[in-house]
Amino acid sequence: MDEDDLGELDELDDSSFEEAEQKAFIKDLDRTDSFGWMNEKRYSNMFSKIEKGLQGVLGKGQFEWVDSRVFDQVFDRLTLMSLYKLMTQGHLDTLDFPIARGKEAHVFHGTSDNGPVAVKIFHTSNAVFKNLMKYIEGDQRFGGLSRRHRKLVDIWVRKEYRNLLRLAKWGLRVPEPIAVHKNVLVMEYIGDAVSPAPRLRDAKVENPEEVFDYLIHFTATAWQKANLVHGDLSAYNILWHEGKAVVIDVGQGVVQSHPKSEEFLVRDVKQLVRWANQNGIDVELAEALYDVLEMNLDEEE
Ligand code: ADP
Ligand code: MN
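No experiment lies behind these values; they were computed from the predicted model shown.

Quick notes on the overall build of the protein chain
Here comes step 1: From N to C terminus, the protein chain includes 10 helices and 7 strands.
Here comes step 2: Here the protein chain holds 301 residues, and the buried ones make up 46% of them.
Here comes step 3: Looking at the protein chain alone, contacts between residues at least 24 apart form 65% of all its contacts between residues at least 6 apart.
Here comes step 4: About 16600 Å² of surface is accessible on the protein chain, with carbon and sulfur atoms providing 49% of the total.

Encoded structure:
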C-alpha cells in the first residue's frame, strides 16, 4: 500500500470511529439513566473511594492555595465519575493542583503508579458548549441540548487524545497520551518536580535556530507523514522542556482532507516564522512553507 492509500484508510477510521463513539456515548447515557446509578448513595460511595486521591484539589492537602471555586467549576458529578473510572483503571492515583486554567479546560498535576501525569479536564458548562458550537454546527431548537453538548465535548477530547497518539507514532515530541475518559485526558507531564515546563513564549532560548528547524521539521512530518495539521501552533502551545520543544494542545488538529487544512497549515507556519523573526532569525514565510511541503523525510522512517 502506498502513502495515499494509508492516508485514506486513516481518514475512514477517523469518521467511523467518531460515529461509533457517539453511538456508544448515547447508549451509555440511556443505560445510566434507566439504571439510575447516579443516586446519592452510589455517588457518595464513589466519592469516598476517590476522595483520598483528590485531597489536593479539595484544598485539604499541602496545596492550600487552591481556590475552592475551581472545584465547583470543574468537578461536576460526571467529571468526578470519569476520574473515578480513570482511578479504578489504574491510570490515575492523585489529582494534586491546577497547572493552568483556560477558558475551555483546566490542566492539573496528578500522579499515577508510573509517575507524574498531566490531567486536562474540559469544562462542561454552557460557556464551553457555546465555544465548541463555533466548530460544530447544530440546531439550537432541539431538546436535550446539554447532553448533546456534553457529547461534543467528549468527542473533542478524544480527538485530542488520538491526535497526540498519531503524532507520537511518528516520533514527534508531544506529551505521551495515557488515557481518556469522557471529558478527562491523562497524558505525560512535561516539567520537573518543581514546576511544569514554561511555554516557549515565556522561555529564554539560547539556540532559536535549532528550535525553529525542529518546529519546521515537526510541521513537515505531521503534514506529510501523520496527515495532520496542528491548527493552533504558536509559542503558546509549545512547551520548553530540557532544552527542547514539546508541542501541546492538539485538539483542533485536522487531516489534510479537511476543507481548512491548508489555511491552518499556512497559519501555523506563519506563527512559527513570527517567533523565529522575534528571535533574530531571518526567514520568510514562503521559504518556511516550501520546506514544510517539500522536505524529504523518507530517509528518517
Ligand atoms: P488550552 O486549550 O486551555 O490552551 P492547553 O493544552 O494549551 O489547553 O494547556 C494549557 C496549559 O496547561 C499549557 O499552556 C501548559 O502550561 C499546561 N499544560 C498542558 N499540557 C501539559 C503537560 N502535558 N505537561 C505540563 N503542562 C501542561
Ligand atoms: Mn493552549
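Description of the packing of helix α8 (residues 208-224) against helix α9 (residues 261-278)
Here comes step 1: Where α8 meets α9, the axes come as close as 10 Å, and the angle between the chain directions of the two elements is 175°. Relative to α9, the element α8 lies roughly antiparallel. Contacts between α8 and α9 involve P208, V211, F212, L215, I216, T219 and W223 from the former and S261, E262, L265, V269, L272, V273, W275 and A276 from the latter.
Here comes step 2: Each residue belonging to the contact of α8 with α9 can be placed in one class, and the counts come to 12 nonpolar, 2 polar and 1 charged.

Let's talk about the coordination of the manganese ion (ligand 2)
Here comes step 1: In this structure, N237 (OD1) and D249 (OD) serve as the protein donors to the manganese ion (ligand 2), at separations of 2.2 Å. Here N237 is found in the loop between α8 and β6 (238-241), whereas its partner D249 is found in the loop between β7 (244-247) and α9, with 12 residues between them in sequence.

Describing the pattern of salt bridges
Here comes step 1: Applying the stated criterion across every chain, the model contains 6 salt bridges.
Here comes step 2: Notably, a salt bridge pairs E206 with K204, separated by 3.4 Å at the nearest N-O pair.
Here comes step 3: What makes E206 exposed here is its relative accessible area of 68%.
Here comes step 4: We classify K204 as exposed; its relative accessible area is 70%.
Here comes step 5: Residues K225 and D298 are paired through a salt bridge, measuring 3.0 Å at the closest nitrogen-oxygen approach. Here D298 lies in the segment after α10 (285-294) and K225 lies in the loop between α8 and β6, a separation of 73 residues in the sequence.
Here comes step 6: Residue classification places K225 among the buried residues on the basis of a relative accessible area of 11%.
Here comes step 7: Salt bridges here are not isolated pairs; linked through shared partners, they connect K120, E160 and D249.

Describing the nonpolar core
Here comes step 1: L167, L200, V211, F212, L215, I238 and V247 are the most contacted members of the largest nonpolar core, which totals 53 residues.
Here comes step 2: Sort the elements by how many residues they give to this core and α8 lands first, with 9 residues.
Here comes step 3: In this structure L200 touches V205, V211, L215, A235, I238, L239, W240 and W275, once residues within four positions along its chain are discounted.
Here comes step 4: Judged by nonpolar contacts, the second largest core, of 21 residues, contains V74, F75, L83 and F108.

Brief notes about the side chain of T219
Here comes step 1: Tracing the sequence through the fold places T219 in helix α8.
Here comes step 2: Not counting the four nearest positions on each side in its chain, T219 is found in contact with L233, L265, V269, L272 and V292.

A word on the site of ligand 1
Here comes step 1: Neighbouring ligand 1 are 14 residues; K120, E188, I190, N237 and D249 lie closest to it.
Here comes step 2: The side chain of N237 places a nitrogen or oxygen atom 3.1 Å from an oxygen atom of ligand 1.
Here comes step 3: Contact with the protein chains covers 85% of the free accessible surface of ligand 1, which is 540 Å².
Here comes step 4: At the level of elements, β3 (115-122) and β5 (184-188) are the ones that each hand at least two residues to the shell around ligand 1.
Here comes step 5: Classifying every residue of the shell around ligand 1 by side-chain character gives 9 nonpolar, 1 polar and 4 charged.

Points about α10
Here comes step 1: Every buried residue of α10 is accounted for by A288, L289 and V292. Projected down its long axis, α10 shows its buried positions confined to an angular sector of 100°, all on one face. Summarising the geometry of α10, the exposed residues directed more than 90 degrees from the buried face are A286 and Y290.

So, the packing of aromatic side chains
Here comes step 1: Evaluation of the coordinates by the stated rule reveals 1 aromatic pair.
Here comes step 2: Plain terms: the ring middles of Y214 and F218 are 6.2 Å apart, the flat faces sit at 65° to each other, and that makes the pair edge-to-face. Note that Y214 and F218 are positioned in helix α8 at a spacing of 4 residues, about one turn of the helix.
Here comes step 3: A relative accessible area of 15% places Y214 in the buried class.
Here comes step 4: Note that R173 overlies the ring of Y214, its terminal NZ or CZ placed 4.0 Å from the centroid.

Rules behind the numbers
Here the residue numbering is sequential within each chain, running from 1 through the sequence in written order. Here every chain gets a letter starting at A, and every ligand a number starting at 1, in the order they are written. It should be noted that, the model being predicted, local features are given only for residues of pLDDT at least 70 and side-chain atom pairs only at 80 or more, the latter also being counted only at that level, while totals for whole chains, interfaces and linings use all residues. By convention in this description, side-chain values take in all heavy atoms of the structure and omit both hydrogens and water. Labels follow the DSSP assignment, with helices taken as runs of H or I lasting at least four residues and strands as runs of E lasting at least two, numbered in each case from the N terminus. For the exposure calls, accessible area comes from a 1.4 Å probe over protein chains only, and a residue counts as buried if that area is under 20% of its type's maximum, exposed if over 50%, partly exposed in between. Two residues form a contact once any of their heavy atoms are found within 4.5 Å. Reported accessibility uses the Shrake-Rupley method at a 1.4 Å probe radius. Residues are deemed covered only where the shown protein chains occlude them. Angles run from 0 to 180 degrees between N-to-C directions of axes, and those axes are lines fitted to C-alpha atoms, restricted for helices to the stretch in contact. These descriptions rest on fixed angle ranges, namely under 35 degrees for roughly parallel, over 145 for roughly antiparallel, 65 to 115 for roughly perpendicular, and the rest for oblique. In this classification, the charged set is Asp, Glu, Lys and Arg, the nonpolar set is Ala, Val, Leu, Ile, Met, Phe, Trp, Tyr, Cys and Pro, and all remaining amino acids, among them Gly, are polar. Distances decide who is a donor: an N, O or S atom must be within 2.8 Å of the metal, or within 3.2 Å for Na, K and Ca. Water is not included, so sites may look incomplete. A pair is scored as a salt bridge if a Lys or Arg side-chain nitrogen falls within 4 Å of a carboxyl oxygen belonging to Asp or Glu. As used here, the term nonpolar core means buried Ala, Val, Leu, Ile, Met, Phe, Trp, Tyr and Cys residues forming a set that is joined through side-chain atoms within 4.5 Å. When at least one non-hydrogen atom of a residue lies within 4 Å of a molecule or strand, that residue is treated as near it. Between N or O atoms, a polar contact is any pair within 3.5 Å; within protein, one atom must be a potential hydrogen donor and the other a potential acceptor, and residues adjacent in sequence are included only when both atoms are from side chains. Within this analysis, the arc is defined by the directions that extend from the helix axis to the C-beta atoms. Each Phe, Tyr or Trp ring (for Trp, its six-membered ring) is paired with any other whose centre lies within 6.5 Å, and the angle between the two planes then decides the class: stacked below 30 degrees, edge-to-face above 60, tilted in between. Whether a charge sits over a ring comes down to the Lys NZ or Arg CZ being within 6 Å of the ring centre and within 35 degrees of the ring normal.

The values reported here are purely geometric and, on their own, carry no functional implication.
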